[in-house]
Amino acid sequence: GNSVTQMEGPVTLSEEAFLTINCTYTATGYPSLFWYVQYPGEGLQLLLKATKADDKGSNKGFEATYRKETTSFHLEKGSVQVSDSAVYFCALRIQGAQKLVFGQGTRLTINP
Amino acid sequence: EAGVAQSPRYKIIEKRQSVAFWCNPISGHATLYWYQQILGQGPKLLIQFQNNGVVDDSQLPKDRFSAERLKGVDSTLKIQPAKLEDSAVYLCASSRRGDGYTFGSGTRLTVV
């Protein structure tokens, strides 16, 4: 079946540290890949996406590259801020379908 | 544009009681989704509507959950009777054609 696996959390970093949150997937066909962020008390927001192999999605200093050979879509940011503290979800959508399949989420806390 | 509206924000009920959640999607969005997000897990699709028709309800526990979208606009999700394991955040989302999901803030249900 289709599934997404994220690195275990929670993750705690100091401000300005480098961030990586790992995400791997299993899917039939060629999925689109997404990272969503959920700030405390708010709904899920799309952070970035990539629709085909080798595409790089980027937004707000975050980046992720669609790696078909390793079935991965790791999220990175060079210098995190306290305001990046949130829960991050990796997700996929199968070509021709509309529903999203989510990973379990990774809680990120950034300390000043 | 206005976002996806959900109500109530919070609900506490006893097991075996019934509960209903309401969702008003973004105007013009034909596709509406209900997701269940159990604490520590990623959201899981319960049901997907295209206008007022059901596209996917394969993971909806139909013995106790029901949902409707009678006029192709707003939607209600009902649980009757509730069980302890139904405690979760229920997220509503809408999209125009499967891309550009917008999520509501969710309804947090606690079953005691």
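Above this text sits the structure in question.
Everything in this summary refers to the structure shown in the same document. (Residues numbered from 1 in each chain as written. Chains lettered and ligands numbered in written order. Predicted model: local features only at pLDDT ≥ 70, side-chain atom pairs only at ≥ 80, totals over all residues. Heavy atoms only, no water.)

## Some remarks on the interface of chain B and chain A
1) Next: Contacts between the two partners involve 22 residues from chain B and, on the opposite side, 14 residues from chain A.
2) Next: Each partner contributes to the roughly 1400 Å² buried at the junction of chain B and chain A, and carbon and sulfur atoms together form 46% of this total.
3) Next: Counting across the interface, chain B meets chain A through 1 salt bridge.
4) Next: Salt-bridge contacts for Asp56 of chain B lead to Lys99 of chain A; the nearest nitrogen and oxygen are separated by 3.8 Å.
5) Next: Joining chain B to chain A, the criterion identifies 6 residue pairs in polar contact (both at pLDDT 80 or more).
6) Next: Looking at the side of chain B that touches chain A, the elements that each hand over two or more residues are strand S4 (31–37) and strand S5 (44–50) of chain B.
7) Next: No other element matches S4 of chain B, which puts 4 residues into the side of chain B that touches chain A.
8) Next: Of the residues assigned to the side of chain B that touches chain A, the class counts are 7 nonpolar, 11 polar and 4 charged. (Contact = heavy atoms within 4.5 Å. Buried area = accessible area lost by both parts, 1.4 Å probe. Salt bridge = Lys/Arg side-chain N within 4 Å of Asp/Glu carboxyl O. Polar contact = N/O pair within 3.5 Å; in protein donor to acceptor, adjacent residues only side chain to side chain. Helix = DSSP H or I, 4+ residues; strand = E, 2+ residues; numbered from the N terminus. Nonpolar A, V, L, I, M, F, W, Y, C, P; charged D, E, K, R; others polar.)

## Observations concerning the nonpolar core
1) Next: In this structure, Trp35, Leu47, Leu48, Phe73, Leu75 and Tyr88 of chain A are the most contacted members of the largest nonpolar core, which totals 27 residues.
2) Next: Taken together, the elements giving at least two residues each to this core come down to strand S3 (19–21), strand S4 (23–26), strand S5 (32–38), strand S6 (44–50), strand S8 (62–65), strand S10 (86–93) and strand S12 (106–111) of chain A.
3) Next: A total of 4 residues in this core trace back to one element, the largest contributor, which is S10 of chain A.
4) Next: Counting 21 residues, the second-largest nonpolar core is a separate cluster that includes Phe21, Phe65, Ala82 and Leu109 of chain B. (Core = buried A, V, L, I, M, F, W, Y, C linked by side-chain atoms within 4.5 Å. Buried < 20%, exposed > 50% of the residue type's maximum accessible area, 1.4 Å probe, protein only.)

## Observations regarding the sheet that holds strand S1 (residues 5–7) of chain B
Residue and element names in this part refer to chain B.
1) Next: Here 4 strands make up an open sheet; going across it, the order is S1-S3-S8-S7 and the pairing antiparallel. Each of the sheet's edge strands pairs with one partner strand only, and the pair in question is S1 and strand S7 (65–68). Between one strand axis and the next, the sheet turns by 15° as a mean value, whatever way the strands run.
2) Next: Where S7 lies against strand S8 (residues 75–79), 4 bridges are found, and the strand directions are antiparallel. Residue Glu68 lies in a different strand from S8, and its bridge partner there is Thr76. (Pairing = 2+ DSSP bridges. Axes fitted to C-alpha atoms, helices over the stretch in contact; angles between N-to-C directions.)

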